[in-house]
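# Topology and contacts: notes
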Amino acid sequence: MKKLAIIGFGASAIGFLKGFIEDRKNEKFIVDVYEKGENIETSGFGGLKYDGKLFISKEMGGDLEIPLNIQKKVVEYYLIKSGYAEKKNNGTLILSEKLERGNSFENEQLYRKFYDAGFEPIISHFFHLGTDILTETVKNIYKEFLETKNINFKFGEEVTKVLPSEKQVIVISNKSEESYDNVIIAVGRRGHKLVNNLVKDHPELVLSNDKVDLGIRYELPNHVVEDLNKEMYEFKIRLKTKTGYIVRTFCNNPSGEVTLEKYDDFVTVNGHANSDKKTHNTNFAILVTHSFTQPFNDPIGYGSYISKLSNILAGGDKVILQCYEDFKNSKRTKKLGRVEPTLNPNFYILGDLNLALPRRTIESIIDFLERLEKVIQGITYPDNLLYGAEVKFYANKINNEHFGNIKIVGDCSGWTRSITYATGHGYIVSKNIE
Ligand SMILES: Cc1cc2nc3c(=O)[nH]c(=O)nc-3n(C[C@H](O)[C@H](O)[C@H](O)COP(=O)(O)OP(=O)(O)OC[C@H]3O[C@@H](n4cnc5c(N)ncnc54)[C@H](O)[C@@H]3O)c2cc1C
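Quick caveat: nothing in here was measured; it's all calculated off a predicted structure. (Residues numbered from 1 in each chain as written. Predicted model: local features only at pLDDT ≥ 70, side-chain atom pairs only at ≥ 80, totals over all residues. Heavy atoms only, no water.)

### Quick notes on the overall build of the protein
The helix and strand inventory of the protein stands at 10 helices and 25 strands. Computed over C-alpha atoms, the radius of gyration of the protein comes to 22 Å, within 12% of the 22 Å expected from 2.2 N^0.38 for 434 residues, which places it in the range of a compact globule. Its C-alpha atoms give the protein principal-axis dimensions of about 65 × 55 × 40 Å. For the protein, restricting intrachain contacts to residue pairs at least 6 apart in sequence, the fraction spanning at least 24 positions comes to 74%. Approximately 19,600 Å² of the protein is accessible, and the part contributed by carbon and sulfur atoms is 49%. Counting 58 positive and 58 negative side-chain charges, the protein places the averaged centre of each group 0 Å from the other. (Helix = DSSP H or I, 4+ residues; strand = E, 2+ residues; numbered from the N terminus. Rg over C-alpha atoms; globule rule 2.2 N^0.38 Å. Contact = heavy atoms within 4.5 Å. Areas by Shrake-Rupley, 256 points an atom, 1.4 Å probe, with all protein chains shown as cover. Lys, Arg positive; Asp, Glu negative; His and termini not counted. Charge placed at Lys NZ, Arg CZ, Asp CG, Glu CD.)

### What to know about the domain arrangement of the protein
Each domain of the protein was delimited in the assignment, giving domain 1 (2-84 + 129-207 + 397-430) and domain 2 (211-393). Summarising the inter-unit geometry, the C-alpha centres of domain 1 and domain 2 are found 30 Å apart. The contact between domain 1 and domain 2 buries some 1,300 Å² in all, and 47% of this surface belongs to carbon and sulfur atoms. Contact with domain 2 buries area across many residues of domain 1, yet Lys53, Arg189 and Arg190 alone supply 33% of it, more than any other trio. Counting every contact that joins domain 1 to domain 2 gives 5 residue pairs in polar contact (both at pLDDT 80 or more). Residue assignment for the side of domain 1 that touches domain 2 shows that the elements contributing at least two residues are strand S3 (53-56) and helix H4 (131-146). Broken down by element, the side of domain 1 that touches domain 2 gets its largest block of residues, 3 residues, from H4. Partitioning the side of domain 1 that touches domain 2 into residue classes produces 7 nonpolar, 2 polar and 7 charged. (Domains from an automatic or database assignment. Buried area = accessible area lost by both parts, 1.4 Å probe. Polar contact = N/O pair within 3.5 Å; in protein donor to acceptor, adjacent residues only side chain to side chain. Nonpolar A, V, L, I, M, F, W, Y, C, P; charged D, E, K, R; others polar.)

### Side note on the side chain of Thr279
Tracing the backbone shows Thr279 in the loop between strand S19 (267-272) and strand S20 (281-291). The exposure class assigned to Thr279 is buried, which follows from its relative accessible area of 18%. A polar side-chain atom of Thr279 sits 2.6 Å from the main-chain carbonyl oxygen of Gly256. In contact with Thr279, not counting residues within four places along its chain, are Asn222, Ser255, Gly256, Glu257 and Thr342. (Buried < 20%, exposed > 50% of the residue type's maximum accessible area, 1.4 Å probe, protein only.)

### Focus on the nonpolar core
If you look at the biggest cluster of nonpolar residues, it comprises 45 residues, and the most contacted ones within it are Phe9, Val31 and Phe145. Of all the secondary structure elements, the ones that give two or more residues to this core are strand S1 (2-7), helix H1 (11-23), strand S2 (29-35), S3, helix H2 (68-82), H4, strand S9 (151-155) and helix H10 (419-430). A total of 7 residues in this core trace back to one element, the largest contributor, which is H1. Counting residues in hydrophobic clusters, the runner-up holds 43 residues, among them Phe105, Ile286, Ile362 and Leu386. (Core = buried A, V, L, I, M, F, W, Y, C linked by side-chain atoms within 4.5 Å.)

### A few points about the sheet that holds strand S6 (residues 100-103)
Taking strand neighbours across the sheet as the criterion, the 3 strands line up as S3-S8-S6 in an open arrangement whose pairing is antiparallel. The two strands at the open ends of the sheet, each matched to only one other strand, are S3 and S6. Looking at each pair of strands side by side, their axes are set apart by 15 degrees on average, direction ignored. As paired elements, S3 and strand S8 (residues 125-128) share 4 bridges and run antiparallel to each other. Its bridge partner lying in S8, Phe55 is registered against Phe126. Sheet strands in contact with H2 are S3 and S8, and its direction is about 155 degrees off that of S3. (Pairing = 2+ DSSP bridges. Axes fitted to C-alpha atoms, helices over the stretch in contact; angles between N-to-C directions.)

The following block contains the structure:
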């Protein structure tokens with residue numbers, strides 16, 4: 001009997017399990033799923049906890065090729081599990097009226113408006129579940145796997161070591177030590193310690209790691225971006241700014257909330273939106289891609305350092321909040337204007353992001369916003385809000401061909417950055433397990 005371990009129960013593990021059991025109805029196997037969260041409520045991170053925007057796109061979500069038919073299959077699966085979609089016997093998918101969805105830049109006029117101002121509009125189809133429905137969706141998926149014989153969930157077990165060998169792989173957790181024929185590491189961005197440990201002993205596994213995205217979360221009243229929100233919910237654009245850095249928008253949340261993102265030793269900002277509890281503000285990230293060249297090889301260290309610096313300035317586990325005009329003029333914000341922040345006041349301090357972010361990053365953000373003003377009037381109102389820092393780390397890109405019986409999937413492999421791509425990656429890898 002084949003014995004497998006999956007480490008982590010997030011998007012990529014879901015994709016793997018779905019793909020693995022699909023083909024093996026009559027085969028004998030045991031799968032142990034190690035998850036450091038104590039139960040299904042406390043497991044998962046990021047997109048499987050907050051917001052739940054599901055994208056279908058060739059242009060965003062990861063750096064590996066996930067064929068569109070697999071992306072569609074993945075999204076369909078989540079939609080059915082969310083209750084927002086139903087598959088009829090003849091195979092047609094019926095979507096609920098309540099489901100927020102759209103196509104970015106399908107509107108030719110809007111596409112041209114951004115294009116003519118120098119922006120690169122990014123095309124994607126998306127569906128928005130909302131934080132509350134997403135939680136239920138993940139629970140429904142978990143129930144399905146729980147009912148599948150031979151899948152055992154080991155909640156509260158944090159894997160500390162994976163020891164490769166020719167035949168069997170040893171998995172050591174805080175509670176047990178076991179050998180497996182195959183091990184799938186699916187620990188997401190936050191599980192980077194486990195992957196780093198493996199990589200330390202096997203540097204040949206790393207293909208590249210030279211990037212970090214550094215920036216801010218921008219918040220403004222809904223009415224300023226109302227037309228855009230209605231037209232496409234999520235607007236994704238890229239611009240090469242005057243500094244030479246590429247700046248992009250990410251994770252637009254109409255009527256959403258700004259949140260903290262907690263790492264082991266620092267906090268950053270993020271945003272999400274619920275399906276029912278709505279606010280009067282829209283938030284989105286403005287991210288500047290920093291690529292480094294040798295001998296520097298620690299972009300994760302760089303992003304962590306800047307995040308920590310913003311926390312130190314904010315006096316602990318907090319972020320800095322600043323009005324746009326003050327940001328532009330390098331002045332500490334002492335009083336807010338018309339926009340009421342949606343982040344809990346315990347989590348921010350009014351300050352000056354110019355003390356934390358590098359000058360080129362700041363100039364890139366300002367250039368981006370000033371040019372965006374030509375397309376969206378009001379985007380640079382002086383009292384619009386910036387929270388910082390927001391950081392997106394890229395994990396080391398891993399060469400999965402190296403160990404036959406260990407596969408590293410999802411965000412911790414460095415190849416994915418979204419629910420669809422991480423799930424699709426797990427799904428594809430499951431088909432290549434002999
Ligand atoms: C705030 C936020 C919002 C996001 N919103 C979206 C969105 O709307 N749409 C979208 O497409 N993407 C979104 N993302 C990105 C998305 O969450 C990820 O790309 C996706 O979840 C990655 O899947 P994964 O399986 O690689 O990792 P994860 O889904 O993060 O799962 C990893 C799992 O491994 C467990 N784990 C970690 N280390 C260990 C260990 N040592 N032992 C045992 N278990 C371990 C973790 O507890 C976790 O459950 C968001 C991310 C964040 C942070």
